[in-house]
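Observations on chain architecture
Here is how the chains run, residue by residue.
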Protein chains: 2
Amino acid sequence: MDLRKLKHALALAETGNYARAGKKLFITQSALSRSIQALESELGMMLFERHSNGVRVTVAGQEVLAGARDLLRHANSLERNVALMRNVELGKLQFGVGPVPAHVLLPRVMSGAAREKPGLQVSVQIQSAAKLVELLRSRLNFLLPMRDNCLTTVG
Amino acid sequence: MDLRKLKHALALAETGNYARAGKKLFITQSALSRSIQALESELGMMLFERHSNGVRVTVAGQEVLAGARDLLRHANSLERNVALMRNVELGKLQFGVGPVPAHVLLPRVMSGAAREKPGLQVSVQIQSAAKLVELLRSRLNFLLPMRDNCLTTVG
DNA sequence: CTGGGTTACGCTCAACGTAACGATA
DNA sequence: TATCGTTACGTTGAGCGTAACCCAG
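Residues numbered from 1 in each chain as written. Chains lettered and ligands numbered in written order. Predicted model: local features only at pLDDT ≥ 70, side-chain atom pairs only at ≥ 80, totals over all residues. Heavy atoms only, no water.

Put simply, the rule reads: UniProt positions are given in the numbering used here, feature names are shortened, and annotations may be inferred rather than shown by experiment.
Looking at an unreviewed UniProt entry, one finds chain A named LysR family transcriptional regulator and attributed to Spongiibacter nanhainus. Under the Sequence similarities (unreviewed entry) heading, UniProt states for chain A: "Belongs to the LysR transcriptional regulatory family."

1. Re the protein's contact with DNA strand D
This is how it is decided: Only heavy atoms are used to decide nearness, and a residue is near a molecule or strand if one of them lies within 4 Å of it. In the analysis that follows, any N or O atom pair within 3.5 Å is treated as a polar contact, provided that within protein one partner can donate a hydrogen and the other can accept it, and provided that, for residues neighboring in sequence, both atoms belong to side chains. We count a stretch as a helix when DSSP gives it H or I for four or more residues in a row; a strand needs E for two or more, and each element gets its number in order from the N terminus. Here the term charged refers only to Asp, Glu, Lys and Arg, the term nonpolar to Ala, Val, Leu, Ile, Met, Phe, Trp, Tyr, Cys and Pro, and the term polar to all other amino acids, Gly among them.
Taken together, 22 residues form the shell around DNA strand D, and within it T28(A), R34(A), Q29(B), S30(B) and R50(B) come nearest. Each atom of DNA strand D within 4 Å of the protein was classed as base or backbone; sugar and phosphate made up 60%. The side chain of Q29(B) places a nitrogen or oxygen atom 2.6 Å from a base nitrogen of DNA strand D. Residue assignment for the surface near DNA strand D shows that the elements contributing at least two residues are α1 (3-15) and α3 (29-43) of chain A together with α2 (18-25), α3 (29-43) and β2 (54-57) of chain B. For the surface near DNA strand D, the element with the highest residue contribution is α3(B), accounting for 5 residues. Taken together, the residues of the surface near DNA strand D break down into 6 nonpolar, 11 polar and 5 charged.

2. Considerations on the UniProt feature "domain: HTH lysR-type" (unreviewed entry) in chain A
Following the UniProt record, one finds the feature "domain: HTH lysR-type" (unreviewed entry) at residues 1-58 of chain A. Annotated as 62% helix and 14% strand, the span residues 1-58 of chain A places its first and last C-alpha atoms 19 Å apart.

3. A short note on the protein's contact with DNA strand C
Near DNA strand C, the surroundings consist of 22 residues, among which Q29(A), S30(A), S33(A), T28(B) and R34(B) are the closest. Backbone sugar and phosphate groups make up 60% of those atoms of DNA strand C lying within 4 Å of the protein. S30(B) places a side-chain nitrogen or oxygen 3.0 Å from a base oxygen of DNA strand C. Taking R34(B), its side chain carries an N or O atom lying 2.4 Å from a base oxygen of DNA strand C. Of all the secondary structure elements, the ones that give two or more residues to the surface near DNA strand C are α2 (18-25), α3 and β2 (54-57) of chain A together with α1 (3-15) and α3 of chain B. In terms of residues, the surface near DNA strand C owes the most to one element, α3(A), which gives 5 residues. Across the surface near DNA strand C, the residue classes tally to 6 nonpolar, 11 polar and 5 charged.

4. Describing the pairing of strand β1 (residues 48-51) of chain A
Residues and elements named next belong to chain A. Formally: Here the rule is simple: two strands pair whenever DSSP picks up at least two bridges between them.
Bridging between β1 and β2 involves 4 bridges; their strand directions are antiparallel. Within β2, the residue paired with H51 across the bridge is G54. Hairpin connection, β1 to β2: the antiparallel pair is bridged by 2 residues.

5. Digging into the environment of M45(A)
Stated formally: A 1.4 Å probe rolled over the protein chains alone gives each residue an accessible area, and that area as a share of the maximum for its type sets the label: buried under 20%, exposed over 50%, partly exposed in between. In what follows, residue pairs with any heavy atoms lying within 4.5 Å of each other are defined as contacts.
With respect to the helices and strands, the residue M45(A) is situated in the loop between α3 and β1. Under the relative-accessibility criterion, M45(A) is labelled buried at 11%. Spatially, the C-alpha atoms of M45(A) and V64(A) are 10.0 Å apart, while their sequence positions differ by 19 residues. The residues touching M45(A), leaving out its near neighbours within four places in the chain, are E40(A), A60(A), V64(A), V82(B), M85(B) and R86(B).

The structure is reproduced here in structure tokens:
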């Protein structure tokens, strides 16, 4: 059961017509026909009644397609979250910094971040160098530059 | 973004090792490696840190994989519902019947259904033949046999 | 003849297995 | 050397387009 075939079925249900649904999906009516057949075969049930003037969703199909709509919404939401995380507009940014640079840099950095990236959760670990290298392995995105080791791993 | 690749990533996250994850997925470690690379490329972010003794999920990867887990749960739920509907153990069964056979047959039919298929929602339309044929087009699974037309469409 | 769904045929590319490779302990 | 992950190479099958086909109005 893959998402593409479910999208195909939803488009067909919306239009009630293979040719129009195919247009929306940027595939031919023929390819869509086989895709729907494959889905129905895989699920072991007919989702559409074929008539001379188009198709109609079956009773069972209505239930399945309702679930498919939910699932695709869920998938789209995940994709959007990934896109947002990629742009560091959303998500959790966790980094570490030593005591001295923290005192100098943090006020500017944090206020700037809060202004420009309101969707970003920022959390800072102020620790010794040894502790920070340890933390970097497990839950930090990067370290601000410190005296002896200058790590800049972007997460 | 297809469900197969997400399953692959989750298996890898669980085992922390390509070979073991591949075993669980019934593919080779090589195929899994390329699948993960393709997913990371598609999402535009690294999900795993590669080390000499295996892999670890990145900070971003933890967020993505949490969403993937939800999504796959949702997909499995949909598949289970389809399987149940196929066996008429769950779902809504809607059928119509004329007044006379209703009086004779319904008591036996309904009590039998309630006993053997407790997960099944049954609803009956008792109507004239003309009304029932009309309803059959829109929301009934089948009609019980009537005087002149004997329709037995299983939904 | 037109507008709808299906079937036949051939192509392409994503996914795979095998095997060679590179790196690290 | 043993155990990781990656890369090279060839094969297979799902998915597609084109075109022929079938049926109803």
